[in-house]
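# Remarks on the overall topology
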Amino acid sequence: MNLKENVLAVLRDEETDVTPVVSVTQLGIIEAMEKTDAFWPEAHTDAEKMATLGSSLYELAGLECARIPFCLTVEAEAMGCKVDLGNKDKTPQVVESPFESSSDIRMPDDFLSKGRIPAVIDAIGKLKDKYGDTLPIIVGITGPFTLTGHLLGVEKLVRYMRTRPNEVESTLDKALDVSIEYANAIADAGPDMICVADPTSAPELIDPLQFKTMVKPALEDLSMQINTSKVLHICGSTEPIIKDMAATGFEGLSIEEKVDIARAKEEVKGGGGKTIRVGGRTMSMGGGDKVPKIIGNISSSETLFRGSPDQVKEEVKKVLEAGVDIIAPSCGLAPGSPLENIKAMVKARNEFQGV
């Protein structure tokens with residue numbers, strides 16, 4: 001079983017010999033940029049450099065995937081938001097939205113040809129040409145609630161959640177349409193997995209009840225439209241919403257180190273299940289046999305960034321003992337993370353599982 005087959009088998013709940021070690025979140029690091037001559041910000045816009053950097057940790061450290069792009073601003077930029085592409089130390093950020101309210105928001109007819117979308121799709125093709133059926137190709141997209149914050153502006157989003165919830169819901173519906181359009185185009189390009197990252201929906205930012213009533217239905221709708229393997233990443237202490245995350249229809253849930261893996265695995269039992277369409281909306285039936293796999297949660301901000309290889313190995317041992325299904329960084333890698341720490345993740349899995 002090759003690396004691609006191995007990780008997809010885990011998501012399909014099939015027996016495998018070894019726990020995959022991948023990153024479903026951002027994996028660009030400066031040390032890899034220097035070794036491959038694929039630096040930010042050029043690697044955000046140049047398909048060749050994007051593909052090179054996206055596969056660099058496989059080539060240099062044995063990480064068992066390629067993953068692109070390196071931020072959550074591609075869709076917002078294509079919608080007309082102003083984006084600062086940053087530098088080799090800093091990921092792109094949305095700095096200005098052209099929209100005053102939901103009524104101003106329209107998806108352009110040529111949305112898929114805007115901004116960096118063509119570069120991402122081209123990079124997928126380059127990765128497929130190079131790695132064929134052997135290495136899993138993971139593509140990240142922005143979750144609809146996070147995109148809502150980009151389109152309205154995060155300050156407005158936070159204020160409107162209290163004062164104008166209907167405005168938020170209207171914008172969220174439009175953001176969901178954008179997410180579906182982009183996800184379908186990405187899926188057509190042929191990656192093996194799509195990771196939907198929706199950090200703005202974390203419990204630290206919105207109430208778990210708001211997640212359940214507002215964000216969860218949008219994620220369910222998006223999940224139903226993605227016709228490839230799919231995982232969901234939400235930052236922070238997601239234990240209060242983990243059951244609702246499990247009911248959105250994603251095959252894997254990527255969690256941060258703040259979440260206890262063993263408890264999360266127990267919580268998602270019965271949280272998965274099929275979804276049905278009622279009155280134009282998606283509803284989760286729950287209680288199905290399909291239980292999403294837990295992905296994570298080696299600390300990105302501490303262990304992989306500031307720790308030693310031995311500390312990384314200890315954390316890998318800890319998550320394996322807790323029953324993690326796929327080993328991965330807990331969130332996007334800090335650009336300054338040492339390459340040796342990425343190597344240590346793979347080496348530790350090999351040592352503990354006798355690979």
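Now for a description of the structure that goes with this document. (Residues numbered from 1 in each chain as written. Predicted model: local features only at pLDDT ≥ 70, side-chain atom pairs only at ≥ 80, totals over all residues. Heavy atoms only, no water.)

## Things to note about the overall build of the protein chain
A count of helices and strands for the protein chain gives 16 helices and eleven strands. A globule of 355 residues ought to have a C-alpha radius of gyration of about 20 Å, and the protein chain, at 19 Å, matches this closely. If one aligns the C-alpha atoms of the protein chain with their principal axes, the spans along those axes are about 55 × 45 × 35 Å. Expressed as a percentage of the 355 residues in the protein chain, the buried residues total 55%. A fraction of 72% describes how many contacts in the protein chain between residues 6 or more apart in sequence connect residues 24 or more apart. Distance from the positive charge centre (39 side chains) to the negative charge centre (55 side chains) of the protein chain: 2 Å. (Helix = DSSP H or I, 4+ residues; strand = E, 2+ residues; numbered from the N terminus. Rg over C-alpha atoms; globule rule 2.2 N^0.38 Å. Buried < 20%, exposed > 50% of the residue type's maximum accessible area, 1.4 Å probe, protein only. Contact = heavy atoms within 4.5 Å. Lys, Arg positive; Asp, Glu negative; His and termini not counted. Charge placed at Lys NZ, Arg CZ, Asp CG, Glu CD.)

## Here we look at the layout of surface pockets
In this structure, the largest pocket encloses a volume near 500 Å³. If you list the elements that add at least two residues to the lining of the largest pocket, you get strand S3 (93–96) and helix H8 (144–152). It is S3 that provides the largest number of residues to the lining of the largest pocket, a total of four residues. Residue composition of the lining of the largest pocket, by class: eleven nonpolar, twelve polar and three charged. (1 Å grid on protein atoms, 1.4 Å probe; cavity = no way out; pocket = protein on both sides within 12 Å on 5 of 7 lines; lining within 4 Å. Points joined across faces, edges and corners; volume = space filled by probe spheres on them. Nonpolar A, V, L, I, M, F, W, Y, C, P; charged D, E, K, R; others polar.)

## Quick look at the side chain of Ser 179
In this structure, Ser 179 sits in helix H10 (residues 165–189). Setting aside anything within four residues of it in sequence, one finds Ser 179 in contact with Ile 141, Thr 142, Gly 143, Pro 144, Leu 147 and Leu 222.

## Some remarks on a negative patch on the surface
Residues Asp 37, Glu 42, Asp 46 and Asp 122 make up a contiguous surface patch of negative charge. Mapped onto the elements of the fold, Glu 42 is located in helix H3 (residues 42–45). (Patch = residues over 30% accessible without salt bridge, like charges linked within 9 Å, V, L, I, M, F, W, Y side chains within 5 Å. Areas by Shrake-Rupley, 256 points an atom, 1.4 Å probe, with all protein chains shown as cover. Salt bridge = Lys/Arg side-chain N within 4 Å of Asp/Glu carboxyl O.)

## Observations concerning unusual backbone geometry
Going from Trp 40 to Pro 41, the amide bond is cis rather than trans, its omega being 5 degrees. When you line up the elements, Pro 41 lands in the loop between helix H2 (30–36) and H3. Of note, the bond from Ile 68 into Pro 69 is cis; its omega dihedral lies within 30 degrees of zero at -15 degrees. For Pro 69, the position within the fold is in the loop between strand S1 (66–68) and helix H6 (74–78).

## Focus on the sheet that holds strand S7 (residues 252–254)
What the seven strands build is an open sheet, ordered S1-S4-S5-S6-S7-S10-S11; its pairing is parallel. Pairing within the sheet leaves two strands with one partner each, and these edge strands are S1 and strand S11 (326–329). Between one strand axis and the next, the sheet turns by 25 degrees as a mean value, whatever way the strands run. Running at roughly 160 degrees to strand S10 (residues 293–298), helix H13 (residues 261–268) makes contact with S7 and S10 of the sheet. Together, S10 and S11 form the strand contacts of helix H15 (residues 309–322), whose direction differs from that of S10 by roughly 160 degrees. (Pairing = 2+ DSSP bridges. Axes fitted to C-alpha atoms, helices over the stretch in contact; angles between N-to-C directions.)

## What to know about the pairing of strand S6 (residues 229–233)
In terms of burial, S6 is largely enclosed, as five of its five residues are buried. Here S6 shows two buried faces, one formed by Ser 229, Val 231 and His 233 and the other by Lys 230 and Leu 232. Of the strand pairs in this sheet, strand S5 (residues 193–197) and S6 are connected by five bridges, and their pairing is parallel. Counterpart to Ile 194 in the pairing with S6 is Lys 230. Read as a crossover between parallel neighbours, the route from S5 over helix H11 (residues 208–225) to S6 is right-handed. Bridge analysis of S6 against S7 gives three bridges, and the strand direction is parallel. Pairing of His 233 across the sheet is with Ser 254, part of S7. (Right-handed = clockwise from strand over helix to strand, strands pointing away.)

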